[in-house]
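Coordinates in review
The primary structure of each chain is shown beneath.
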Amino acid sequence: MTARIPEAPGLRDLGLVNWLVCKVVAARQHVPRAHLFTTLGQHKRLMWSWLPFGGVLMRGGKLSTRDTELVILRVGHLRDSQYELQHHRRMAAAAGLDDATQERIFEGPDAPGLDDRQRVMLTGIDELVHTRTLSDATWAQLSEHFDRPRLIEFVMLTCQYDALAATLSALRVPLDFDE
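Conventions we followed
Residues numbered from 1 in each chain as written. Predicted model: local features only at pLDDT ≥ 70, side-chain atom pairs only at ≥ 80, totals over all residues. Heavy atoms only, no water. Helix = DSSP H or I, 4+ residues; strand = E, 2+ residues; numbered from the N terminus. Rg over C-alpha atoms; globule rule 2.2 N^0.38 Å. Buried < 20%, exposed > 50% of the residue type's maximum accessible area, 1.4 Å probe, protein only. Contact = heavy atoms within 4.5 Å. Areas by Shrake-Rupley, 256 points an atom, 1.4 Å probe, with all protein chains shown as cover. Salt bridge = Lys/Arg side-chain N within 4 Å of Asp/Glu carboxyl O. UniProt positions renumbered as here; feature names shortened; annotations may be inferred. Domains from an automatic or database assignment. Buried area = accessible area lost by both parts, 1.4 Å probe. Nonpolar A, V, L, I, M, F, W, Y, C, P; charged D, E, K, R; others polar. Phe/Tyr/Trp six-rings, centres within 6.5 Å; stacked < 30°, edge-to-face > 60°. Lys NZ or Arg CZ within 6 Å of the ring centre and 35° of its normal.

**With respect to the overall build of the protein**
Looking only at helices and strands, the protein has nine helices and zero strands in total. When the helices and strands of the protein are listed from N to C terminus, the series reads α-α-α-α-α-α-α-α-α. The C-alpha radius of gyration of the protein comes to 17 Å, within 12% of the 16 Å expected for a compact globule of 179 residues. Overall, the protein is about 50 × 30 × 25 Å in size when its C-alpha atoms are taken along their principal axes. Looking at the 179 residues of the protein, the share that counts as buried comes to 44%. Residue pairs at least 24 apart in sequence account for 65% of intrachain contacts in the protein once pairs closer than 6 positions are excluded. Surface exposure of the protein reaches about 9,700 Å², of which carbon and sulfur atoms provide 56%.

**Some details on the pattern of salt bridges**
In this structure the tally under the stated criterion is eight salt bridges. Ionic pairing is found between D162 and R79, a salt bridge with its closest N-O pair at 2.6 Å. With D162 in helix α9 (residues 148–171) and R79 in the loop between α4 (65–78) and α5 (82–94), this residue pair connects regions lying 83 residues apart in the sequence. Taking relative accessible area as the criterion, R79 reaches 38% and is therefore assigned partly exposed. For R89, the salt bridge goes to E103, with nearest N and O atoms at 3.5 Å. Here R89 is found in helix α5, whereas its partner E103 is found in helix α6 (residues 99–107), with 14 residues between them in sequence.

**Quick notes on the UniProt feature "domain: Carboxymuconolactone decarboxylase-like" (unreviewed entry) in the protein**
As recorded in UniProt, the feature "domain: Carboxymuconolactone decarboxylase-like" (unreviewed entry) lies at residues 46–104. A distance of 35 Å separates the end C-alpha atoms of residues 46–104, which is 81% helix and 0% strand.

**Things to note about the domain arrangement of the protein**
Each assigned domain of the protein is listed here: domain 1 (16–59) and domain 2 (62–170). Once you take the C-alpha centre of each, domain 1 and domain 2 turn out to be 23 Å apart. Contacts between the two partners involve eleven residues from domain 1, matched on the other side by 16 residues from domain 2. Roughly 1,100 Å² is buried in total at the junction of domain 1 and domain 2, and carbon and sulfur atoms are behind 67% of that figure. When the buried area of domain 1 at its contact with domain 2 is split by residue, L57, M58 and R59 rank highest and sum to 52% of it. At the boundary of domain 1 with domain 2, the tally comes to one salt bridge. Here E69 makes a salt bridge to R59, at a shortest N to O gap of 2.6 Å. The class makeup of the residues in the side of domain 1 that touches domain 2 is seven nonpolar, three polar and one charged.

**Focus: the packing of aromatic side chains**
The tally for this structure, following the rule as stated, stands at two aromatic pairs. Relative to W50, the ring of F37 has its centre 5.9 Å away and its plane inclined at 55°; by these criteria the two rings are tilted. Here W50 lies in helix α3 (residues 44–60) and F37 lies in helix α2 (residues 35–40), a separation of 13 residues in the sequence. Plain terms: the ring middles of F146 and F154 are 6.0 Å apart, the flat faces sit at 25° to each other, and that makes the pair stacked. By the burial criterion, F146 is buried, and F154 matches it. For R90, the ring lying beneath its charged end belongs to F177, and the centroid distance is 3.8 Å.

Structure (structure tokens):
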């Protein structure tokens, strides 16, 4: 599929600051271009509104990195977002979620070998993605594992990555890695 937004914009399309940010992100990710950033960077104000929000949810929040990556992997799997999965399988492994654990996350809440926390998280993610809300039973179970700020963050993180998966799909953002 062809990208709907030009995938290799230059300085004129991005502006100096966004162009530099895209170069730094690509270098950190060891890719020629960070396509998500070069795409969103073409709407300068929007990118700079999204970056801090996404950054807090991904690494600046109260959820552990392992929990954050579990959420992102499950959403990426449910939405078949290869872009999200390509990046976050690597990040999840670095956070301690090995290939076997990642496969259990993809299998879902009934997968053997998951602990209670992982099961209820996967159940909550599935409900949010499929129904756009949480049942009272799932909320009660999540409340056994998370305090109020983490409950709020769990919902926001799940919904943010669901929206990002939709954005990546609708704009046909190309993958960053050749795999």
